[in-house]
Amino acid sequence: MDADPYLRKLHFRAHHRGTREADAMVGGFFDQYHTQWSEADFAWFEMLLEEQDVDIMAWALKTAQPDPALAGPMMDQLQRLDFITLPEGLNTAGK
């Protein structure tokens, strides 16, 4: 874990959303990409953290249009969902 208090705070907020699915989505996004973010990207992420889990998940899954203030390259990166890993036993596709 990073020693920077700001990053620890964001990590905690990203991983403690209230639902397991949102924890995996928002927390996984933070874990995968935060080392590449600029100050503007961190500001965007903080705005995202203020939104409701159901909205974030709908935007990420592209079942709803994102808030215009959050649309753009960071939302595009979130929508790739290339950072999600499922715990063992949850991926039952093909069984």
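So, here's what we can say about the structure.

On to helix α3 (residues 39–49). Those residues of α3 not exposed but buried are F42, W44, F45, L48 and L49. Projected down its long axis, α3 shows its buried positions confined to an angular sector of 155°, all on one face. In this structure, α3 carries E39 and A40 as exposed residues pointing more than 90 degrees from its buried face. On its buried face, α3 sits against α1 (5–15), α2 (20–33), α4 (53–60) and α5 (73–80).

The subject of this paragraph is the environment of A60. Relative to the helices and strands, A60 resides in helix α4. Once you skip the residues sitting within four places of it in the chain, A60 turns out to touch M25, L78, Q79 and L81.

Relative to the elements of secondary structure, Q36 occurs in the loop between α2 and α3. Accessibility expressed as a relative area gives 55% for Q36, which makes it exposed. Beyond its immediate sequence surroundings of up to four residues, Q36 is in contact with D41 and Q77.

Thresholds, definitions, all that
- Residues numbered from 1 in each chain as written.
- Predicted model: local features only at pLDDT ≥ 70, side-chain atom pairs only at ≥ 80, totals over all residues.
- Heavy atoms only, no water.
- Buried < 20%, exposed > 50% of the residue type's maximum accessible area, 1.4 Å probe, protein only.
- Helix = DSSP H or I, 4+ residues; strand = E, 2+ residues; numbered from the N terminus.
- Arc of directions from axis to C-beta.
- Contact = heavy atoms within 4.5 Å.

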